[in-house]
Structures are given as structure tokens and as C-alpha cells.
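Chain by chain, the residues run as shown.
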Amino acid sequence: TLHTISELVKRSIESCGQNARIACLTASGRELLGFIQKNPGTYLYFLDFDLGRQELNGIDLVRQIYQTDPQGKIVFVTSHTDKGMEILKSGIQAFGFIEKPYTRAQVVKMVDLYQAGRRGLE
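As the structure is a prediction and not an experimental result, all values here were calculated from the model.

What counts, and at which threshold
- Residues numbered from 1 in each chain as written.
- Predicted model: local features only at pLDDT ≥ 70, side-chain atom pairs only at ≥ 80, totals over all residues.
- Heavy atoms only, no water.
- Core = buried A, V, L, I, M, F, W, Y, C linked by side-chain atoms within 4.5 Å.
- Buried < 20%, exposed > 50% of the residue type's maximum accessible area, 1.4 Å probe, protein only.
- Helix = DSSP H or I, 4+ residues; strand = E, 2+ residues; numbered from the N terminus.
- Contact = heavy atoms within 4.5 Å.
- Salt bridge = Lys/Arg side-chain N within 4 Å of Asp/Glu carboxyl O.
- pLDDT = per-residue confidence, 0-100.
- Arc of directions from axis to C-beta.
- Pairing = 2+ DSSP bridges.
- Axes fitted to C-alpha atoms, helices over the stretch in contact; angles between N-to-C directions.
- Phe/Tyr/Trp six-rings, centres within 6.5 Å; stacked < 30°, edge-to-face > 60°.

## Brief notes about the nonpolar core
Among soluble globular proteins, nonpolar side chains are generally buried collectively.
Move 1: Counting 17 residues, the largest nonpolar core has I36, Y45, L47, I65 and I74 as the members making the most contacts within it.
Move 2: Those elements that provide at least two residues to this core are helix 2 (29-38), strand 1 (44-48), helix 3 (58-68) and strand 2 (73-78).
Move 3: Sort the elements by how many residues they give to this core and helix 3 lands first, with five residues.
Move 4: If sequence neighbours within four positions are ignored, I74 has contacts with Y45, L47, V62, I65, Y66, A94, F95 and G96.

## Focus on the pattern of salt bridges
Oppositely charged side chains are able to pair whenever their charged atoms sit close together.
Move 1: According to the stated counting rule, one finds two salt bridges in the structure shown.
Move 2: One salt bridge connects E7 with K10, and the closest N-O pair in it is separated by 3.5 Å. In this pair, E7 and K10 are both assigned in helix 1 (residues 2-16), three residues apart and thus about one turn of the helix distant.
Move 3: Classification of K10 as partly exposed rests on a relative accessible area of 37%.
Move 4: One salt bridge connects R63 with D60, and the closest N-O pair in it is separated by 4.0 Å.

## What to know about the environment of P70
Move 1: Structurally, P70 is set in the loop between helix 3 and strand 2.
Move 2: For P70, a relative accessible area of 55% translates into the label exposed.
Move 3: The sequence separation of P70 and G41 amounts to 29 residues, and the corresponding C-alpha distance is 9.5 Å.

## Considerations on the confidence of the model for the protein
Move 1: Of the residues in the protein, 84% reach a pLDDT of 70 or more, and the chain-wide mean stands at 81.
Move 2: The lowest-confidence element of the protein is helix 4 (residues 83-89), averaging 67 in pLDDT; the highest-confidence one is helix 2, averaging 93.

## Observations concerning helix 3
Move 1: Listing the buried residues of helix 3 in full gives G58, I59, L61, V62, I65 and Y66. What you see down the axis of helix 3 is that its buried residues fit within an arc of 155°, all on one side.

## With respect to the pairing of strand 3 (residues 96-99)
A regular strand places its side chains so that they alternate between the two faces of the sheet.
Move 1: The alternating pattern of strand 3 places G96 and I98 on a buried face and F97 and E99 on a face that is not buried.
Move 2: Alignment of strand 2 against strand 3, held across four bridges, turns out to be parallel. Considered in strand 3, the bridge of V77 is made with I98.

## Here we look at the sheet that holds strand 3
Move 1: Ordered by their spatial adjacency, three strands build an open sheet running 1-2-3, and the pairing between neighbours is parallel. Bordering the open sheet on either side are strand 1 and strand 3, each of which pairs with just one other strand. Pairs of neighbouring strands in the sheet enclose a mean axial angle of 25°, with direction left out of account.

## Brief notes about the packing of aromatic side chains
Move 1: One pass over the full model with this rule turns up four aromatic pairs.
Move 2: Aromatic pair F95 and Y114: ring centres 6.5 Å apart, planes at 90°, arrangement edge-to-face. One end of the pair, F95, is in the loop between helix 4 and strand 3; the other, Y114, is in helix 5 (residues 104-121), and 19 residues separate them in sequence.
Move 3: When its relative accessible area of 26% is taken as the criterion, F95 is described as partly exposed.
Move 4: Using a relative accessible area of 9% as the deciding quantity, one classes Y114 as buried.
Move 5: By way of ring pairs, the aromatic residues F35, Y43 and Y45 are connected into one cluster.

Below, the structure is given as C-alpha cells:
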């Protein structure tokens with residue numbers, strides 16, 4: 001899933017002509033948190049809600065992301081459609097949801113929405 005979604009994001013960025021890049025690609029929540037602490041900024045995150053047997057679940061990870069990147073935008077990629085309600089009930093502000101199996105069009109839409117929002121802030 002990690003490599004598939006990263007390829008879709010790369011192709012989406014290229015096809016949209018966006019000035020963007022993948023800054024961090026990891027299967028570890030701890031590694032992601034380390035990256036954003038060392039590289040402060042505002043990012044668009046594509047996170048699989050089901051992190052397997054990781055030390056953090058998706059909601060805990062997002063809470064920690066927002067401590068470092070409060071303006072970050074989170075897109076959850078999941079095959080668990082019931083998790084969307086759990087996320088919303090937790091108070092997490094999701095930028096979007098992409099259900100597996102996902103399409104390039106869904107990824108392009110999230111990249112476009114994020115870039116449009118950033119242009120609106122400039």
C-alpha cells in the first residue's frame with residue numbers, strides 16, 4: 001500500500017503540474033513524527049488508518065502530528081469504512097478519506113484541494 005499510494009501521489013503531482021514533492025515516505029508513525037520534528041512545516045499527510053501492530057493507532061498518531069504541524073492536512077487511506085465515524089467522533093479533523101481500493105482520481109482530488117487551499121493563504 002505504501003509504495004502504491006506514493007506512486008499515485010507522485011503521478012498526481014506531475015499530472016497536475018503542482019510545485020510539490022513527497023517529503024517523507026515511511027511505514028512507521030515514530031519515524032514520521034521524527035521527520036516532522038526535524039523538518040517543521042505544513043504538510044499533506046496520506047495515512048493508512050490501520051498501522052498494523054505499531055505502537056500508535058491512527059488517531060493517536062494524528063494527535064501527535066497536530067502538536068508539531070497544527071495546520072497539516074490528513075487524508076486517511078483505509079479499507080475500514082466504519083473507521084471514518086470513529087475518527088470524526090475522536091475530534092480529529094480529517095482533510096479527507098480515500099477508501100481502498102483507491103484510484104488515481106481520488107489522490108489527484110486531494111492534492112488539488114490541498115494546493116488550492118495553500119494558494120488561498122498566499
